[in-house]
Amino acid sequence: NNPRLKSIIKLFETCRYSHDLYTVFSDWCECAAISLSNPIDLVHFDKREARYLEIARKYDRPTMATFTQIMGEVTMAMEDRPQDILGATFHALELHNKAKGQFFTPYTVCQLMARMLAGSQEDMRASIEKRGFMLAMEPAAGSGAMIVALAEAIREAGFNYQQLLHVTAVDIDRRAVHMAYIQFSLLHIPAIVLVGDSLAMRFHEEWHTLAHIMGGWNAKLREAQR
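Described below are features of the structure shown in this document. All of these numbers come straight from a predicted model, not from anything done at the bench. (Residues numbered from 1 in each chain as written. Predicted model: local features only at pLDDT ≥ 70, side-chain atom pairs only at ≥ 80, totals over all residues. Heavy atoms only, no water.)

Right, let's get into the overall build of the chain. Counting its regular elements, the chain contains twelve helices and four strands. Taking 226 residues into account, the globule formula puts the C-alpha radius of gyration at 17 Å, and the chain, at 17 Å, falls close to it. Considered along the principal axes of its C-alpha atoms, the chain spans approximately 55 × 40 × 30 Å. For the chain, the residues scored as buried account for 50% of the 226 residues in total. A fraction of 70% describes how many contacts in the chain between residues 6 or more apart in sequence connect residues 24 or more apart. Total accessible area on the chain is roughly 11600 Å²; 55% of this is exposed by carbon and sulfur atoms. (Helix = DSSP H or I, 4+ residues; strand = E, 2+ residues; numbered from the N terminus. Rg over C-alpha atoms; globule rule 2.2 N^0.38 Å. Buried < 20%, exposed > 50% of the residue type's maximum accessible area, 1.4 Å probe, protein only. Contact = heavy atoms within 4.5 Å. Areas by Shrake-Rupley, 256 points an atom, 1.4 Å probe, with all protein chains shown as cover.)

What follows covers the nonpolar core. If you look at the biggest cluster of nonpolar residues, it comprises 68 residues, and the most contacted ones within it are F12, W28, V167, F184, I189 and V193. Apart from residues lying up to four places away in sequence, F12 is in contact with L21, V24, F25, W28, I70, T89 and L93. (Core = buried A, V, L, I, M, F, W, Y, C linked by side-chain atoms within 4.5 Å.)

Attention shifts here to the pairing of strand β4 (residues 202-208). Relative to β4, strand β3 (residues 191-197) is paired through six bridges, and the arrangement is antiparallel. Bridge pairing in β4 places L194 opposite E206. In this structure, the hairpin formed by β3 and β4 is closed by a connection of four residues, where M201 is found at a positive phi of approximately 55 degrees. (Pairing = 2+ DSSP bridges.)

In this model, helix α2 (residues 21-37) (17 residues) spans 24 Å end to end at C-alpha, consistent with the 24 Å of a helix rising 1.5 Å per residue. For α2, a buried count of 13 out of 17 residues is recorded, marking the element as mostly surrounded by other parts of the structure. (Expected span 1.5 Å × (residues − 1).)

Another aspect to go through is a nonpolar patch on the surface. Taken together, V109, M113 and L117 make up a surface patch of nonpolar side chains, about 270 Å² in accessible area. Residue placement: L117 occurs in helix α6 (residues 107-118). Assessed through its relative accessible area of 65%, L117 is described here as exposed. (Patch = residues over 30% accessible without salt bridge, like charges linked within 9 Å, V, L, I, M, F, W, Y side chains within 5 Å. Salt bridge = Lys/Arg side-chain N within 4 Å of Asp/Glu carboxyl O.)

It is worth spelling out helix α3 (residues 45-56) at this point. At 3.6 residues per turn, the α-helix brings residues three or four places apart onto the same side. If you check α3, its first and last C-alpha atoms are 16 Å apart, about what twelve residues at 1.5 Å a residue would give, namely 16 Å. For α3, the complete set of buried residues consists of R48, I55 and A56. Along the axis of α3, the buried residues cluster in a sector spanning 100 degrees; they form a single face. Those residues of α3 that are exposed and aimed more than 90 degrees away from the buried face are D46 and K47. Residues of α3 that are buried in the fold lie against α2, α4 (61-80) and β4. (Arc of directions from axis to C-beta.)

Given below as structure tokens:
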């Protein structure tokens, strides 16, 4: 009973007859992530802009217009309430069957886990008083649902996660990183999202959200380390 999800699925389905939907979804995620990154992350602008144009050349104008419509619906869904709209879309389109059994944790489960991890209001206040903000590390981010649920739990406890939470999230799958980055960006969560292997500690791509850059979080994190 999620009208936004139904609209997003319907828009993606219009691409099914002329393109492989699995590829379309991955390409949409990358284009959407780039469109959010490029106005603010000038360090990576040239490379990402070239990649955006490379993807766009694969599709005709109506399909790219559909990409824009999907972005609008995803944005509105995240404005309605914090949710894992992209993970839900991935499963609703049955793309997990083609993704070698890749599943994203249901958002209701993430909400339960997030409330347990975040602790009580007093626990959060103690963490904030100690460092000035809360830190979250997510070594297998997936679509970012766990962090989205954590932000929701922090907000429900009466704290502004947009100012008092910083996230470092990692996933080995580039599409998952793009999904997480989109959702973190739309919720204005200060975050660094990395493509890499958490176990091997090898990382080879960084995505910084607008909230991370605008909030001066590089300096805050360095000061906290000192």
